[in-house]
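# Notes for the structure review
Residue-level listing of the chains:
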Amino acid sequence: MSTLELINLQKRYQNGYEAVPGLDLEVRDGEFLVLVGPSGCGKSTVLRMVAGLEDISGGDMLIDGVRVNDMGPQQRDIAMVFQSYALYPNMTVGENIGFAMKLRKTDKAVMATKVAEVAALLELDKVLDRKPGQLSGGQRQRVAMGRAIVREPKLFLMDEPLSNLDAKLRVQTRAEISRLQRRLNITTMYVTHDQVEAMTMGDRVAVLRRGYLMQCATPQELYHTPDNLFVGQFIGSPSMNVVRAEVVEGTGGLPALTVGSQTIQLDDAALAQLPGVRGMIGRSVAFGMRPEVLGDEGTSSIDVDVELVEMLGAELLVHATIDAPSVKQTDEGVEIGESNTSMIVASMDARIRVNAASRMSLTLDTSRIHLFDLVTGDAIGKAKVDVG
Amino acid sequence: MASTISTPVDATVGAKGGAQGGVQGGVLAGVNGPNKPPDLTPRGSKIAKNLSSKKGSIIVWLIAALWTVPTFGLLVSSFRPETQIKTSGWWFFFSDPSVTLDNYRGVLDNKVGGQPFTEFFLNSIKITVPGAVIPIFLAAFAAYAFSWMKFWGRDWIFVGVVALMVVPLQMTLIPLLRFFNSDFFPDKANGIPAIWLAHSIFAMPLAIFLLKNFIGSLPSEVIEAARVDGASHMVIFMRIVLPLSVPALASIGIFQFLWVWNDLLVAKVFGGGAKNQPMTFAMVDMVGSKGNEWQLLTAGAFVTMIVPLIVFLSLQRFFVRGLLAGSVKG
Amino acid sequence: MIEIFKTFVTVALGLGAFLAVMVGLYWLASQLPEPWRDRARVMVFVGPALVLLVGGLILPSLYTGRLSLFTGPNANKWYGFGNFRELFTDSDNLIVLRNTVWWVILVTLASTVIGITIARLADRMRGEPYAKALIFLPTAISMVGAGVIWNFVYATKGNDPDKQYGLLTWLWLKAEPILPGKQDPHYWLQDREFFGFHSSFLPGLNTLFMIVVIVWIQAGFATVVISAAMKGVPDDLVEAAKIDGATDRQSFFRIVLPYVKGTIITVATTTLIAVLKVFDIVQTMGKGGQFATSTLANDMYQRSFPLSQPGYGAALAVILFVAVVPIVYVNAKNQRNIREGR
Ligand SMILES: Nc1ncnc2c1ncn2[C@@H]1O[C@H](COP(=O)(O)OP(=O)(O)OP(=O)(O)O)[C@@H](O)[C@H]1O
Ligand SMILES: [Mg+2]
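Only a predicted model underlies this, so the values are computations on that prediction, with no experimental measurement involved.

### Section: the site of ligand 1
Residues and elements named next belong to chain A. Taken together, the residues surrounding ligand 1 are Y13, N15, Y17, A19, S39, G40, C41, G42, K43, S44, T45 and E160. Interatomic distance of 2.6 Å between a side-chain N/O atom of S39 and an oxygen atom of ligand 1. One of the side-chain N or O atoms of K43 is found 2.7 Å from an oxygen atom in ligand 1. When ligand 1 sits alone it has 630 Å² of accessible area, and the protein chains cover 63% of it. It is helix α1 (residues 43-51) that contributes the most residues to the shell around ligand 1, three residues altogether. Its residues placed into classes, the shell around ligand 1 shows four nonpolar, six polar and two charged.

### A word on the interface of chain C and chain B
In this assembly, 115 residues from chain C lie in contact with 111 residues from chain B. Together, the buried faces of chain C and chain B total about 10,200 Å²; carbon and sulfur atoms form 77% of this surface. When the area that chain C buries against chain B is broken down by residue, the three leading residues are F45, R124 and F152 of chain C, summing to 8%. Inspection of the region where chain C meets chain B yields zero salt bridges. The interface formed by chain C and chain B includes four residue pairs in polar contact (both at pLDDT 80 or more). No other element matches the 19 residues that helix α2 (residues 34-67) of chain C contributes to the side of chain C that touches chain B. Within the side of chain C that touches chain B, the residues separate by chemical class into 76 nonpolar, 19 polar and 20 charged.

### Section: the sheet that holds strand β2 (residues 18-27) of chain A
Each strand in a sheet pairs with another by means of backbone hydrogen bonds, the pair being arranged parallel or else antiparallel. Residues and elements named next belong to chain A. The four strands lie next to each other as β2-β1-β4-β5, forming an open sheet whose pairing is antiparallel. Looking along the sheet, the strands with just one partner apiece sit at the ends: β2 and β5 (66-67). In terms of strand pairing, strand β1 (residues 4-12) meets strand β4 (residues 58-63) through five bridges, oriented antiparallel. Each residue of the ladder has a partner; that of L6, found in β4, is M61.

### Re the packing of helix α6 (residues 143-154) of chain C against helix α7 (residues 167-174) of chain C
All names here are of chain C. At a minimum axis distance of 4 Å, the contact between α6 and α7 shows a crossing angle of 20°. Taken together, α6 and α7 sit at an angle that is classed as roughly parallel. Two secondary-structure elements touch here, α6 through F152, V153 and Y154 and α7 through L167, L168 and T169. When its residues are assigned to classes, the contact of α6 with α7 shows five nonpolar, one polar and no charged.

### Comments concerning the domain arrangement of chain A
Residues and elements named next belong to chain A. We note that the domain assignment places domain 1 (4-227) and domain 2 (231-373) within chain A. Each of domain 1 and domain 2 was reduced to a C-alpha centroid, and the two centroids are 38 Å apart. Facing 15 residues of domain 1, the contacting portion of domain 2 comprises 15 residues. Between domain 1 and domain 2, roughly 1,200 Å² of surface is buried when both sides are summed, and carbon and sulfur atoms account for 64% of that area. On the domain 1 side of the interface with domain 2, the three residues burying the most area are Q195, R209 and Y223, jointly 45% of the side's total. Taken together, the connections running from domain 1 to domain 2 amount to four residue pairs in polar contact (both at pLDDT 80 or more). Elements that contribute at least two residues to the side of domain 1 that touches domain 2 include exactly α7 (195-201), β9 (204-209), β10 (212-217) and α8 (219-224).

### Considerations on the packing of aromatic side chains
Enumeration over the complete set of coordinates arrives at 22 aromatic pairs over all chains. Taking 6.1 Å as the distance between ring centres and 45° as the angle between the ring planes, the aromatic pair formed by F146 of chain B and F151 of chain B counts as tilted. Here F146 of chain B matches F151 of chain B in class, with each residue buried. Look at F146 of chain B and F158 of chain B: their rings are 5.4 Å apart centre to centre, the planes differ by 55°, and that puts the pair in the tilted class. Placement of F146 of chain B in helix α6 (residues 117-148) and of F158 of chain B in helix α7 (residues 154-163) is noted, with a sequence separation of 12 residues between them. There is no split in this pair, since F146 of chain B and F158 of chain B are both buried. Following the ring pairs from residue to residue traces out a cluster consisting of F141, Y144 and F237 of chain B together with F18, Y26 and F45 of chain C. Looking at K212 of chain B, its charged tip hangs above the ring of F158 of chain B, at a distance of 4.6 Å from the centre.

### Some points on the arrangement of the chains
In this assembly two pairs of chains touch, with chains B and C having more contacts than any other pair. Taking C-alpha atoms as the reference, chain A and chain C come no closer than 10 Å and do not contact one another.

### Concerning the side chain of S68 of chain C
Residues and elements named next belong to chain C. Residue placement: S68 occurs in the loop between α2 and β1 (70-71). Overall, S68 belongs to the buried group, its relative accessible area being 2%. Not counting the four nearest positions on each side in its chain, S68 is found in contact with G80, N83, F84, G311, A314, A315 and V318.

Procedures and definitions
Per chain, the residues get numbers from 1 upward, laid out in the order the sequence is written. As they are written, the chains are lettered A onward and the ligands numbered 1 onward, keeping that order. Owing to the predicted nature of the model, reporting of local features is limited to residues with pLDDT of at least 70; listing and counting of side-chain atom pairs is limited to 80 or more, with chain, interface and lining totals taken over all residues. Excluded from the side-chain calculation are hydrogens and water; included are all heavy atoms of the structure. Working definition: residue near molecule or strand if any one of its non-hydrogen atoms lies within 4 Å of it. Any pair of N or O atoms that falls within 3.5 Å is considered a polar contact. Within protein, one atom must be able to donate a hydrogen and the other to accept it, and sequence-neighbouring residues count only if both atoms are side-chain atoms. To be clear on the numbers: accessible area is Shrake-Rupley with a 1.4 Å probe, and residue cover counts the displayed protein chains and nothing else. Going along the chain from the N terminus, every DSSP run of H or I of four or more residues is numbered as a helix, and every run of E of two or more is numbered as a strand. Gly is put with the polar residues, along with every residue not named as nonpolar or charged; the nonpolar set is Ala, Val, Leu, Ile, Met, Phe, Trp, Tyr, Cys and Pro, and the charged set is Asp, Glu, Lys and Arg. By definition, residues are in contact when any of their heavy atoms lie within 4.5 Å. A 1.4 Å probe defines the accessible area here, and the buried area is the portion of it lost by two parts on being joined, summed over both. Salt bridges are defined by distance alone: a side-chain nitrogen of Lys or Arg within 4 Å of a carboxyl oxygen of Asp or Glu. In this scheme, strands are said to pair when DSSP sees at least two bridges between them. Fitting a line to C-alpha atoms yields each axis, with helices limited to the stretch in contact; the angle taken between N-to-C directions then spans 0 to 180 degrees. The cut-offs work like this: below 35 degrees is roughly parallel, past 145 is roughly antiparallel, 65 to 115 is roughly perpendicular, and the gaps in between are oblique. As annotated, the domain borders come from an automatic or database domain assignment. Stacked, tilted and edge-to-face pairs are distinguished by plane angle, under 30 degrees for stacked and over 60 for edge-to-face with tilted covering the rest, among Phe, Tyr and Trp rings (Trp via its six-membered ring) whose centres lie within 6.5 Å. The classification of residues rests on relative accessible area computed with a 1.4 Å probe and restricted to protein chains. Under 20% of the type maximum is buried, over 50% is exposed, and intermediate values are partly exposed. Put simply, a charge is over a ring when the Lys NZ or the Arg CZ is close to the ring centre, within 6 Å, and near the line of the ring normal, within 35 degrees.

Written as structure tokens, this is what we have:
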């Protein structure tokens, strides 16, 4: 039952590296917030600062409105699940779960019932007397969870707790953690670099890049209205196809997009989504299409040269080239591909027949496309709406 | 280290924690898995197998025999009657075997500096057990601080401590002795605490170095988890680090035990008078005063050797790993 | 028995009391206000060790350095570098230095080479652990014990070969039909000449016989450590070399040895430092350094204590220190290079 506020939070490591230049983020009471981003973007750093394991170089951190910058981890009343689980190897499962309570001099009987309760909840009752070394990976993971939930802390912190599990167990445990969090209703901050995990588990997802917050929103918002090119490309798998396009004046004075040798006319529905385009005529933009939008329904279409077709069972991945340079957002900024052609991927219904090495026309719903500024990477439609 | 590294720590930490390389890996690998002797066991391999030939193993066994003969001769002699020891080599024992325990009785009844040999045996124990235990624990505390506490100049102080390994103990004998004999040191009369203290001092740099290698390579997440759980440094040290360090403490402890037990110089300088002296002293005295009474010397030497030999043979694997700690790349 | 039991109980109680005191101190430190609290906690952990190191090693070493500039039975007469001058000029002292140099060279070289040889030959041989345990055994024996064991090997009694109980003497006298000339009964540990050859640079035969003893003790250490390191050489590396056409010999010298270079240097350094401090053997076998067998460490003891020349003893300690520093420095640097990837 707690809130967490990060206000211009900063972290500079001893070697001078600025891992977090200034982060504003709020986690609401009972919320499941996922921190996601590529490797090295500072997720663990933020989480460890919240835990009190890493000194805070600047800014403020408030838990329930109380500034905790100078408190040690003991005083913050948080629980953390580590990637490696960090179980105490010399203690049994029961002792591991009860350790924090023991340190707080909890009554023995109370402690025993609590441990039993948690063990039952996590199906660990049969292994309570074992040492961590004698457990399977999944069981260890659950002990780590048990150690955290037994205390009913203000905050739950988890740093990639699933990354040491095999794929199947990961999916299963993912659901379990979500269920558990909802049931206990404890404010949670969860770190992962896996965007599928982020999308499925989080009430809201915060995307980090080099210590900067790129966007913090619900999974739906992130997916459908990314604030910038980075978020657009980071969320979604296969990731969004982005190529360079020019905004030109098309039929009826409405804007159209020139992609390589083709022109795609934007209709009223599309312009309702992307009002900012109107002012962009004559400029280059980054033009994003999600793979599942290509070849689905729509009134426009785009021609491509099919190179390779991958059959995945339920869907078909079509890899094709298009005669426009690719665009992607790197750490240095927006980068335009050197070659004048680029690869794009379309994900289509598996029943459609597609021949490799053929030219084909992919239908496109222009109200589902994304446009980004070629310099800043900001989304064009939404940004203008906000300002205007 | 040939064996796969599998420790309770690694096992819990899973894939990520298992990959500790370099010197620290050596320490971890070195002191764990006391059930099997990885460094003494040949590992199975296909092509690389024929590195050793038949000729090679004959040479090895010859050297091994050569290395054992002197000790073996002493052992045999110590059971022969005095007259035989003095008139024929021990190798004649096999043509004319006669066994007696008189020599051992003689040694135990023998007086050195006015006190019976058994007193020296007791002194050795009194000197050695604390002399091995005290420095290990002091070093463990320091090693924890150097690994897991943050303080100003930590790394430089540690380098300084390690650098003190260079100081030969002879360098400090005279001033330390003067200090112990000064009014500042209350217990002038009894030399045994002085011996403990001296051994603790000399053991400190190496013990801190080896233990820091071990304690510092415990997975940091376990320590952090304990901090999040609300444990103070003292609790982490007592309840987590010490239990996990038992193998390292044991191996370094054995090392220190042998060193103190076998020491002569420190005891001779700091013990003051024969009454606080260990068996090594009594032996040297006997060599000097009874150089020709071989029946006493052989038995006496064996009595002084018996404890370290038992310790050594029963804990050999630990001991080897203690030596390896920090010195071998894994 | 009661005494032993009492000792153990005392130790256990003492240890318990010690830990209790540490916990108590830590608790006290935790009561302090913030800027001091953390520092006090750190001091509780490192304080005792640092006090021992500063009081027991650093200050005494400095004091010894000062002492080496004085002379007289109480070392209270200023003597400048007089002790050092004596040390490097007096012929008896030069013998001490000469012996020490030979000790260092021969023991370090022999132990390391024997260690490498056995480690290689024994690798994967049948009964390897047992053979190595036998060779390692002398490490557990005190130098005093070793002295007695080898005194017994070297003992000589009269001329009658059949009356000898020293193994070496017996073999020597029995070797008459094989070796040319008549074999005299020999007092090995009193022979200060180098195989009958008198030179101020060469060590006496007696010194060589004592060196054998230390090699006997040290070789096991070298063997076990080097052998463990050799087993750490990845199989694939050796196998790759073989597939590339290397013979056993080549793959050993080109692959395995370079791979364990760091360990070998560590072993050599450790041995070397141990040898510099050799004292007990000279006490038991050389009767405290008679017959020109003294070494630096032994002389340092003799001068400081029985002979009451603490100033001179301190000068010897300083020399010892100066000798060790560069060795450790080179070793540390080497270790770092290796750790950082050669
Ligand atoms: N102790 C440190 N000193 C200096 N830089 C550090 C330190 N710890 C981390 N960094 C740097 O800070 C950045 C962020 O690290 P962090 O561990 O938070 O990344 P992460 O987002 O958790 O990545 P991953 O997904 O790989 O775990 C990285 O570039 C890292 O190199
Ligand atoms: Mg991380």
